[in-house]
Structures are given as structure tokens and as C-alpha cells.
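One-letter residues, chain by chain:
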Amino acid sequence: MSIEQNLNKIRQSLPPEVTLVAVSKTKPVADLLHAYQAGQRIFGENKIQEMADKAAQLPNDIQWHMIGHVQSNKVKFMAPFVSLVHGVDSLKLLGEINKQAAKNNRVINCLLQMHIATEDTKFGLDAGELKEILESAQLRSMAHVKICGLMGMASFTENVAQIRSEFSQLKSHFDVLQQYNALPNVEPTILSMGMSGDYLIAIECGSTMIRIGSSIFGTR
Ligand SMILES: *Cc1c(COP(=O)(O)O)cnc(C)c1O
């Protein structure tokens, strides 16, 4: 099937309140352009340099989402244009994003990444670390970042019950986050969970944003 057919098939399976991020990492610009021509405007990349290179070659009404692990020293390369950073996993990184956003006179939207999988190779915060960030004095002084919600990745497993339990855990962290929305830079509306293999389960568990790569663009 073509990229356009894949996209349409996925869109038909989504409730209207769920946003689709087309994960285009490693794929050539021509593939992104096919998706763009089929109406897709949100693309996710996991390397800052690759995202910046692609952004320079594609129409400027695309919203670029950084879905990978972010190295502090590279934040400056995405700060001028990035639309949402999914993988924020420390106050230190949030501080650097705030600093680079200020230099660009903008507010950068961020999701805090939670660790929900059993694999310890996946990045992310636990409940205690999330609370620590939300209650820190530093966060209150960061006028150039906005915490828009949470992101997480379930374990890579065929065990549907386990995936469901991990996504439900992330949803309950998201519910906790709502209690902080009196803070000026906390406005939690996005729960980013679900990939090609597990997005239907994620939606059942309350996802509002899914990140789909291989089911749109083919295997990497
Ligand atoms: C690659 C990636 C995806 C997309 O994975 P697929 O299985 O190809 O849909 C989603 N989220 C993150 C964080 C990724 O790195």
C-alpha cells in the first residue's frame, strides 16, 4: 500500500480527538512529501539534526515534533522551529529548552517523558521525579516552556494485558498532572502514547496523541 493509503486507513480508525504524529525518522524527504500531499502536517523525528535538515527542505506549515531523547547541547538547533518536544526527562533539560526558547523569543511546548515499560533501556521519569519537577521553584521561573502533558512508551511485548497496564499507569500520572494546572506554565492536554503496534490499546487507555512510523512509511 502507498503512504497515502496507509495514512487514510489509520485516520479512519482514529476518534476525532486523537492527533496523529507521522514518525518519519530515517525516511527520505520524498516520503514525507507524499504524506504532506495526503494532508499530514505533523511529523515526528528522533534526531535533532535530521529534523532540522528535513524542516529546511519541506513546507513551513509543518509542525515538527521531537520524539527522541534530547541532548542538551543540541537543543539550540531545534529551538527556532520545534513545535513539541516529547522526550523531556529532567529539570536540567527543561532549563536548557527554556533558555534557548528565550533566545528565540518563544515558548516551547514540552511533554515530560515517563518511564512505564519494564525494560530499563527506555528513558523517563518515575512518579516521584515527576512530582519533584512539578513542585520545584525552578519550574516556576521558566517562562519560555509550557508543559503540555506526558509521553511514554510501553514495553515491546505481545502481552496485551501488560501493555494495557503500562498505558493505564501513564494515564494515571496524567491525571495527577492535571492537579498542577494552576501553574502558569502547566497546561496538560496531551497524552502521547501509542505506536504502530499498540496504538489501539493506547487510545482505549486515554491517549490523545499517537506516534506512528512503520504503519505509514513501512519498516525502517
Ligand atoms: C520510532 C518511534 C515511534 C514510531 O514507531 P513505529 O513502531 O514505527 O510506529 C514512536 N515513538 C517513538 C518515541 C519512536 O522512537
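Here's a quick rundown of the structure. Computed from a predicted structure; not experimentally measured.

**Comments concerning the packing of aromatic side chains**
Here is step 1 of the chain: Evaluation of the coordinates by the stated rule reveals one aromatic pair.
Here is step 2 of the chain: Ring geometry for F43 against W64: centres 5.9 Å apart, planes inclined by 35°, an arrangement best described as tilted. Of the two residues, F43 is situated in strand β2 (residues 42-45) and W64 in strand β3 (residues 63-66); the sequence distance between them amounts to 21 residues.
Here is step 3 of the chain: We classify F43 as buried; its relative accessible area is 0%.
Here is step 4 of the chain: Residue class for W64 comes out buried when judged on its relative accessible area of 3%.
Here is step 5 of the chain: Positioned above the aromatic ring of Y36 is the side chain of R41, whose terminal nitrogen or guanidinium carbon lies 3.6 Å from the ring centre.

**Digging into helix α3 (residues 48-57)**
Here is step 1 of the chain: For α3, the complete set of buried residues consists of I48, M51, A52, K54 and A55. In a view along the axis of α3, the buried residues occupy a sector of 170°, so they form one face of it. For α3, the exposed residues lying more than 90 degrees away from the buried face are A56 and Q57.
Here is step 2 of the chain: The secondary structure elements touched by the buried residues of α3 are α2 (29-37), β2, β3 and α4 (75-78).

**Topic: the pairing of strand β5 (residues 108-114)**
Here is step 1 of the chain: Taken across its seven residues, β5 has six buried, putting it largely inside the fold.
Here is step 2 of the chain: Bridge count for strand β4 (residues 84-88) against β5 is two bridges, and the pairing is parallel. From the neighbouring strand, V88 faces β5, where its bridge partner is L112.
Here is step 3 of the chain: What joins β4 to β5 is helix α5 (residues 91-103), and the crossover it makes is right-handed.
Here is step 4 of the chain: Strand direction decides the pairing type here: β5 and strand β6 (residues 145-152), joined by seven bridges, are parallel. If you follow M114 over to β6, its bridge partner there is G152.

**Some details on the environment of M151**
Here is step 1 of the chain: Structurally, M151 can be placed in strand β6.
Here is step 2 of the chain: Residue classification places M151 among the buried positions, given a relative accessible area of 1%.
Here is step 3 of the chain: Expressed as a C-alpha distance, the spacing of M151 and C110, which sit 41 residues apart in the sequence, is 9.6 Å.
Here is step 4 of the chain: Apart from the residues lying within four places of it in its own chain, the contact partners of M151 are I67, H86, L111, L112, Q113, M114, L170, S192 and R211.

Cut-off values and rules
Residues numbered from 1 in each chain as written. Predicted model: local features only at pLDDT ≥ 70, side-chain atom pairs only at ≥ 80, totals over all residues. Heavy atoms only, no water. Phe/Tyr/Trp six-rings, centres within 6.5 Å; stacked < 30°, edge-to-face > 60°. Helix = DSSP H or I, 4+ residues; strand = E, 2+ residues; numbered from the N terminus. Buried < 20%, exposed > 50% of the residue type's maximum accessible area, 1.4 Å probe, protein only. Lys NZ or Arg CZ within 6 Å of the ring centre and 35° of its normal. Arc of directions from axis to C-beta. Contact = heavy atoms within 4.5 Å. Pairing = 2+ DSSP bridges. Right-handed = clockwise from strand over helix to strand, strands pointing away.

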